[in-house]
Amino acid sequence: MANFKPLNHHRNSSSLLPFFSLLLTLSSLTTASNNSPMCSPTDSGPVVPTDPLITFLERLQLTALNTFGSKNYDPKHYVDLSLKHNLSETQLAFDDLPKSSTGSVSAVDLNGFITSYFNGAGEDLVYAEPPDFVPEPEGFLPAVENPVVREWALEVHKLWKNLSRRVDAGVFEHPELHTLLPLSKSVVVPGSRFREVYYWDSYWVIRGLLVSKMYHTAKGIVSNLISLRDEFGFVLNGARKYYTNRSQPPLLSAMVYEIYSRTGDMDFARKSLPALLKEHHFWNSGFHSVTILDAEGCNRTLSRYFAMWNKPRPESSTIDMGTASKLSNASEKQHLYRELASGAETGWDFSSRWMRNASDLTTLATTSIIPVDLNAFILQMELNIAFLAKVTGDRITAARFLEAAEARKLAMNSVFWNEEMGQWLDYWISDKTKCKDDYTWVASNQNRNIFASNFIPLSVELFNSDLKLVKKVRQSLQRSGLIRAVGIATSLTNSGQQWDFPNGWAPIQHLIVEGLVRSGSKEAKSMAKDIAARWIRTNYVFYKKTNTMSEKYDVEKCGEYGGGGEYVPQTGFGWSNGVVLAFLEEFGWPKDLKIDC
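Residues numbered from 1 in each chain as written. Predicted model: local features only at pLDDT ≥ 70, side-chain atom pairs only at ≥ 80, totals over all residues. Heavy atoms only, no water.

What is the right way to look at the sheet that holds strand S5 (residues 187-188) in this model?
What holds strands together in a sheet is hydrogen bonding between their backbones, with the strands either parallel or antiparallel. With antiparallel pairing, 3 strands are arranged side by side in an open sheet as S3-S4-S5. If you trace the sheet from one side to the other, it starts and ends with strand S3 (125-127) and S5, each paired once. Pairing of S3 with strand S4 (residues 164-167) involves 3 bridges; the strand directions are antiparallel. Along S4, the bridge assignment pairs Tyr127 with Arg165. (Pairing = 2+ DSSP bridges. Helix = DSSP H or I, 4+ residues; strand = E, 2+ residues; numbered from the N terminus.)

What exactly am I supposed to notice about the packing of aromatic side chains here?
Aromatic rings in a pair are described by how distant their centres are and how their planes are angled relative to each other. Applying the stated rule across the entire model yields 37 aromatic pairs. Ring geometry for Trp499 against Trp505: centres 4.0 Å apart, planes inclined by 5 degrees, an arrangement best described as stacked. Considered together, Trp499 and Trp505 belong to a single accessibility category, that of buried residues. Considering the side-chain rings of Phe542 and Tyr553, the 5.5 Å spacing of their centres and the 90 degrees angle between planes classify their relative orientation as edge-to-face. Here Tyr553 lies in strand S15 (residues 553-554) and Phe542 lies in helix H19 (residues 522-546), a separation of 11 residues in the sequence. For Phe542, a relative accessible area of 4% puts it in the buried group. Of note, Lys99 hangs over the ring of Phe94, and the distance from its end group to the ring centre comes to 5.9 Å. The ring of Trp309 carries Lys311 above its face, with NZ or CZ at 4.8 Å from the centroid. (Phe/Tyr/Trp six-rings, centres within 6.5 Å; stacked < 30°, edge-to-face > 60°. Buried < 20%, exposed > 50% of the residue type's maximum accessible area, 1.4 Å probe, protein only. Lys NZ or Arg CZ within 6 Å of the ring centre and 35° of its normal.)

What follows is the structure, encoded as structure tokens:
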């Protein structure tokens with residue numbers, strides 16, 4: 001296992017224009033910090049090479065904020081632009097723009113430059129008609145008996161057409177002009193500002209596509225993700241050059257397993273297996289791997305998030321610099337930047353779950369935490385690999401991964417399980433007041449705050465097959481305070497971050513509900529059905545008001561989107577569509593059951 005140094009993260013800001021104006025003329029800006037930890041943070045770990053195009057687009061991003069202001073400003077827009085001319089020519093033209101004495105560029109000049117030298121964000125990903133889409137697939141949701149709900153489900157099904165894209169030929173011909181990565185198969189994008197394929201989003205997109213009988217499209221998504229793994233050594237957070245420094249929750253094996261389960265495509269399973277073995281190695285080696293000496297004196301190896309980056313995230317560069325401006329030196333800033341990127345790798349970007357102080361994003365400490373859900377995903381990966389290896393005739397690999405799964409189950413119970421609470425709790429592997437890493441298990445290092453992720457291991461058969469355990473976890477969930485009017489809250493802390501209260505997210509609902517359903521417990525299935533119905537209702541009411549599906553929802557208010565975080569609420573929306581369709585397939589909707597709140 002790798003020796004690691006704990007790192008930190010942060011994000012958000014609004015009125016930062018004075019800071020950014022000064023940044024245009026000064027190479028660096030240091031601000032005194034009132035919050036220095038007892039041990040100065042140090043940054044160690046891998047950093048992927050910086051792409052020159054992205055470096056330039058970050059300059060453009062900063063200039064745009066200074067010129068146009070923060071209203072309606074999205075930093076991601078500028079790193080998604082593609083060049084009309086080569087980079088050196090574009091840089092020269094940019095450097096020649098007239099500048100004021102403070103180094104700023106006028107709105108007229110900057111708009112003219114962008115129009116002349118760039119194609120619009122997202123123009124290099126063009127609409128693609130899915131070949132396997134039909135308006136109403138044969139055998140589509142037979143248990144949905146209510147005609148109103150059925151009509152709406154067909155509208156959600158049709159959204160796959162709206163979100164289907166393919167990479168334009170120009171990206172293959174001149175990849176140096178684009179931050180978009182060339183993918184050979186069509187993709188399904190999440191929606192709105194998310195103009196590219198994303199890793200963990202794709203699992204719930206695929207679950208929905210399988211309900212829609214769109215098996216060809218689902219296999220194409222997996223093929224694209226495997227191509228990214230083969231090129232970069234792991235599945236990227238998303239298909240952009242600026243995402244080559246991190247991954248996302250590892251659900252590739254789950255995608256392959258679900259497609260195989262529906263189609264029985266043995267060739268697909270066999271061809272996918274080598275990539276899954278390499279994906280497993282990525283998450284169980286280097287800085288992602290941590291070994292804890294548990295209370296029984298046994299070494300337990302688990303995994304954590306750890307991005308290969310210690311600079312501002314390019315898609316949020318100005319936001320990250322604003323956050324880091326509160327820190328006093330370059331070392332602390334590097335430490336924070338890696339924590340921010342690692343927080344993005346979790347998919348929960350951002351949450352009080354990763355913060356030492358829920359009101360201060362500079363206390364982000366993602367790499368100092370061994371997360372419950374990540375290890376549940378890897379445990380499921382091990383079981384999936386064992387299954388796929390067995391059905392394709394590789395019994396040695398199957399046996400090896402069953403053994404690995406049993407070892408991880410023991411590690412999760414040893415490090416995460418809290419008998420008193422009836423939950424699995426994230427484990428902190430460092431404290432900011434200590435100057436050395438401590439890998440010996442201590443009960444007080446469990447995070448006793450309640451998060452929806454504490455219940456995600458229930459989605460894994462090794463846990464949900466134990467009915468006594470299921471009862472304890474179900475009762476814990478019932479009294480946790482997370483189950484609200486229209487779904488499961490992500491946390492009980494209203495920090496202003498988007499993966500906190502009162503937001504609910506489709507992946508969380510699905511993982512917990514599916515775990516309850518698969519347990520075989522009547523009480524657990526009843527709870528799952530109730531949660532799913534609440535979630536379906538809020539999606540329906542929102543859709544009828546807006547004609548869109550939201551990325552996240554406020555679980556306190558039926559039909560209201562969620563908020564917080566560093567960008568405005570997004571619509572589309574891949575994983576929300578997929579989870580609604582999966583829930584309707586699982587539970588149906590009776591003819592006489594109302595759908596309105």
